[in-house]
Amino acid sequence: MADSPIYYGGGKGVGPMYYGGRNASPMYYGASDKTYGGGAYGSYGYGGYGGYGGYGGGARGGGNEDGSVIGTITIGRMVRVISQRWLSVFVFLLVGLIIAFAVYRISPTVYEATSEFTMDMRRSTGGQNRSTLSEVTPDYGNSYAEIFNTRISDWKSDKVISKSIQHYRAANPASTSPDEELIGVLGSAKLELVRNSRIITISTRSKTPALCAALANSYAASIEAFTDEENKLRCDKAVSQIHANVERKRREVDKIAQSLLNFRTANKVDNLRSSRETIQQGLSKTTGDILSIETEETQLVEWEKMLAQVQKDPMSYGSLSSGVPRAQEIAEEFRAYQDADSKCQQLMFTFTDSHPEVISAKQAEKLARQRFMDAAARALLSGRSTLRVARNRLTNLKQKQEDLRNELANVEQRIVLAESGLGQLEAEFGVANRVLEGLILDENKARIEAESNNEIVRVGRPASVPSKPILPNPLIIFGAGIALSLALGIVFVLVLDNLEDTVVNLSDIEGRLALKVLAVLPHVRKKDRRDVAKHLLYDRYSQFSESVAGLRNLLDSPRYESMSHCVLFISTQPGEGKTIASTSLAIAYAQSGRKVLHVDFDLRRPRLAGIWGLEIDEEHSFSHTLQRANGSSKPDFSTLVNRTEHENLDVIVSRPPEGVFPATIFGSSIVPEFFEWARSTYDHIIVDAPPFGVIGDVVSLGVLVDSVLIMCCPDRTHFRPIQYCTRSLTEAGASIIGVIVNDLEISSAGAFSPHGRTKVNGKYGYGYGYGYGYGYGYGQSKGDDDDAPKQISHPKTPAPTASVADRENSDTPEEPTSHAPKGFVDEE
């Protein structure tokens, strides 16, 4: 196989499309001279660049999984999409600015003038006359907003607009503006009530500044005149109706009053009534005095009880009114007693009872208590004397009250006898008089109501001729253009992002596919496919090597140990690196001292022989052996094993499928027999399978292995094939444990971790994610050129048929010398 192989595209003699040609820059593993140094992009968890990966960016679009064209909207996704497609957003913004400028240029120039008038109201609370007034004075509400909203229809009526035009013609006789233009300006005028005020503004718009100002002033004057006319008409009508009723009732009351006066003169009822009033006044005064003395008596009794209680318990003293005899003296003695008692308590707390100061304090407290008791006793005697005097006065007043009551009863009896004929006249007069008073009150209220129920409108600030147009407004037009264009641009790029079905970050895989990311393999800048696949043999300390080692450690963990004996690598399309990844994992297992078999089950396009530089005949070709053994005796699989340059790693490879029918092979029993032999012979079996989306061999292999790993390349792998692959393998009974993200560029690594990129410059320290960096080796010397290629020594590949013994006896080291990597140089 001297010629370059055709790796899923590309002709003979041309480098592989995926791993790059000899003379052209490759698509993924490019032809750049730079290799990964010992940068600080570490691994966290078990996989490289994050065994379980850090979530970068928002949820990726693609698919329409939330039922919308835009997809799931998150801040992270919007930032990512806009940063990736900023040019599209900028084009939308530029188009929006152009359209906004065109609108600004073609829009007509419009001026606006504003006049003001004030509206006042003095609303009454209403009364009996409200029903009468409601017939002629409609209720427009009790607030300025209610009145404004009710009257605005009247103020915008044709009558007011006609008055405004007449007023304008009278004020501007030289105007040549037609009535249609005036009606259009006035009809589009806006009347607005200024919030929390009584000011109403009238705004008119016109292409002529002087016209809109004159019409605004004429409109305000017309509203004032119209409102005054309506108020006068309503007031006159309301008052005239009620006044007629008042005059008619007044004549009726005068007639009854004359009849009553004549009857009183004849029967002298007035004298008796005067005597009754005098007696009633005396009785009222006597009753008031009795109540006052009874209150005083009650207070004296309470004070007596308090002073008597103080005699028993001095500390129960509260306070006495200033009217209590000796109240001030008692209060002073009680304060002195409290001070003495407090001082004694303090001394007793400090000293013993036999201390001189305590004894002295107790004596002072006793004397103060005695003085307080004496003052209370004196006050008690004085209070009892006062109580006796009050009770004597109360007895005399009650006797006087009784005499006045008897006299009043006698006068009342005489009045009743005299008024037996007067009652009917007084009743009639009272009713008529009350009705008259009510009508008079209604008349007065009606006058006030008729005046105050009307709105008083007065022109306030007249409109002035505007100097600047209000339309077109550049801020609104350009602001709206920018906002709408940005919104449309963002929606456009989100829709495009949603329609694209490629994987971008870990959240796409773990969130949408519900698959764990077990490892992230970085891009290795090597032209030759074999060098990339065997990179772990040449450099154990590179980022790629550490990532594969992290995957191996993860599969050896208790969680995956039972599923790592036989592992199948698959992809949904050619060129996603399953052969590279499977070879690297096989080497990593072999470097850990375990016996590993790497099998190339891509029978249609075998690649593993080219990786290891093996040239085999059909007798040792895996696919040809399986084809010959189909339906015959079981072959000796050990004859197919090819030794590699690592003593613990064996490979089984195939020749190109000439005369081989893979579909027939996978449908036979020879494949399960092969896996039975491999499981009994090796610690680990790594299987390289064909792409799932091309043929269906993967389903047959998936049920024969312990676990399946799916390869994924950023911006290349699509969701729907992975979803279909996962569903098919799961339904067949295969165990899919996770995804390996391959060929990750350092410049895009920030999308796969929450921490972005880190420069270490050759220093040992913390790096990418949560793990440790790769700067164990030597720092870069001053003479090194960052852009110069980092050379890695590659020993000649041993003959593939060399035995283990030959290699042990050879002077050549088993593994090539590994150059310690230099510090990582940031690609950007």
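Conventions we followed
- Residues numbered from 1 in each chain as written.
- Predicted model: local features only at pLDDT ≥ 70, side-chain atom pairs only at ≥ 80, totals over all residues.
- Heavy atoms only, no water.
- Axes fitted to C-alpha atoms, helices over the stretch in contact; angles between N-to-C directions.
- Helix = DSSP H or I, 4+ residues; strand = E, 2+ residues; numbered from the N terminus.
- Parallel < 35°, antiparallel > 145°, perpendicular 65-115°, else oblique.
- Left-handed = near helix turned anticlockwise from the far one by under 90°.
- Contact = heavy atoms within 4.5 Å.
- Pairing = 2+ DSSP bridges.
- Expected span 1.5 Å × (residues − 1).
- Buried < 20%, exposed > 50% of the residue type's maximum accessible area, 1.4 Å probe, protein only.
- Phe/Tyr/Trp six-rings, centres within 6.5 Å; stacked < 30°, edge-to-face > 60°.
- Lys NZ or Arg CZ within 6 Å of the ring centre and 35° of its normal.
- Arc of directions from axis to C-beta.

Observations concerning the packing of helix H2 (residues 86-106) against helix H12 (residues 474-499)
For step 1, the next point in the chain: Relative orientation of the contacting elements H2 and H12 amounts to 150 degrees, with a least axis distance of 8 Å. Taken together, the axes of H2 and H12 are roughly antiparallel relative to one another. The way H2 lies across H12 gives a crossing that is right-handed. Counted together, Ser88, Val89, Phe92, Leu93, Gly96, Leu97, Ala100, Phe101, Val103 and Tyr104 of H2 and Pro474, Ile477, Phe478, Gly481, Ile482, Ser485, Leu486, Leu488, Gly489, Ile490, Phe492 and Val493 of H12 form the full contact between these two elements.

Points about the sheet that holds strand E12 (residues 736-744)
For step 1, the next point in the chain: The mixed open sheet is built from eight strands, whose spatial order is E5-E12-E11-E6-E10-E7-E9-E8. A single partner strand is all that each edge strand has here, and the edge strands are strand E5 (517-522) and strand E8 (642-643).
For step 2, the next point in the chain: Taken together, the four bridges between strand E7 (residues 596-600) and strand E9 (residues 649-652) define a ladder with parallel strand orientation. In the strand pairing of E9, leucine 597 is matched with aspartate 650.
For step 3, the next point in the chain: Relative to the sheet, helix H21 (residues 670-681) contacts strand E6 (566-570), E7, E9 and strand E10 (684-688), its axis offset from that of E7 by approximately 160 degrees.

Considerations on helix H16 (residues 543-556)
For step 1, the next point in the chain: Helix length check: H16 (14 residues) gives 20 Å between terminal C-alpha atoms against 20 Å at 1.5 Å per residue, within 8%.
For step 2, the next point in the chain: Among the 14 residues of H16, 12 are classified as buried, and the element is accordingly described as predominantly covered.
For step 3, the next point in the chain: Listing the buried residues of H16 in full gives Gln543, Phe544, Ser545, Glu546, Ser547, Val548, Ala549, Gly550, Leu551, Arg552, Leu554 and Leu555.
For step 4, the next point in the chain: Summarising the contacts, the buried residues of H16 are in contact with E5, helix H14 (529-533), helix H15 (535-538), helix H17 (578-591) and E12.

Things to note about the packing of aromatic side chains
For step 1, the next point in the chain: Across all of its chains, the model carries 15 aromatic pairs by this definition.
For step 2, the next point in the chain: Ring geometry for phenylalanine 601 against phenylalanine 675: centres 5.5 Å apart, planes inclined by 5 degrees, an arrangement best described as stacked. Residue phenylalanine 601 is found in the loop between E7 and helix H18 (608-612), and its partner phenylalanine 675 is found in helix H21; the two are separated by 74 residues along the sequence.
For step 3, the next point in the chain: Geometrically, the ring pair formed by phenylalanine 674 and tryptophan 677 is tilted, given 5.8 Å between the ring centres and 35 degrees between the ring planes. Of the two residues, phenylalanine 674 and tryptophan 677 both sit in helix H21, three residues apart, roughly one turn of that helix. Each member of the pair, phenylalanine 674 as well as tryptophan 677, carries the same accessibility label: buried.
For step 4, the next point in the chain: Among the aromatic residues, those joined into a ring-pair cluster are Phe601, Phe622, Phe637, Phe666, Phe674, Phe675, Trp677 and Tyr682.
For step 5, the next point in the chain: A cation over a ring is seen here: lysine 595 above tyrosine 682, with NZ or CZ 5.1 Å from the ring centre.

Brief notes about the pairing of E9
For step 1, the next point in the chain: Across the two faces of E9 the burial is the same, with Leu649 and Val651 and Asp650 and Ile652 all buried.
For step 2, the next point in the chain: Looking at chain direction, E8 and E9 are connected through two bridges and run antiparallel. Looking at E9, one finds that asparagine 642 is bridged to valine 651.
For step 3, the next point in the chain: In this antiparallel pair of consecutive strands, E8 and E9, the connection spans five residues.

Brief notes about helix H5 (residues 158-171)
For step 1, the next point in the chain: Counted at 1.5 Å a residue, the expected span for H5 with its 14 residues is 20 Å, and the 20 Å between its end C-alpha atoms agrees.
For step 2, the next point in the chain: Turning to H5, its buried residues are Val160, Ile161, Ser164, Ile165 and Tyr168. The buried residues of H5 occupy one face: seen down the axis, they fall within an arc of 140 degrees. In H5, the exposed positions angled more than 90 degrees off the buried face are occupied by Gln166 and Ala170.

Structural notes on unusual backbone geometry
Across residues other than glycine, the phi torsion is negative in most instances, and most of the peptide bonds are trans.
For step 1, the next point in the chain: Cis geometry marks the peptide bond from leucine 471 to proline 472; its omega dihedral reads 0 degrees.
For step 2, the next point in the chain: Its location among the elements puts proline 472 in the loop between strand E4 (456-459) and H12.
For step 3, the next point in the chain: One non-glycine residue, asparagine 196, adopts positive backbone phi at about 55 degrees.
For step 4, the next point in the chain: Among the secondary structure elements, asparagine 196 is positioned in the loop between strand E2 (190-193) and strand E3 (199-206).
For step 5, the next point in the chain: Positive phi, normally seen in glycine, also occurs at aspartate 743, with a value near 60 degrees.
For step 6, the next point in the chain: Along the chain, aspartate 743 turns up in strand E12.

Take it as geometry only, folks, not as evidence of what the structure does.
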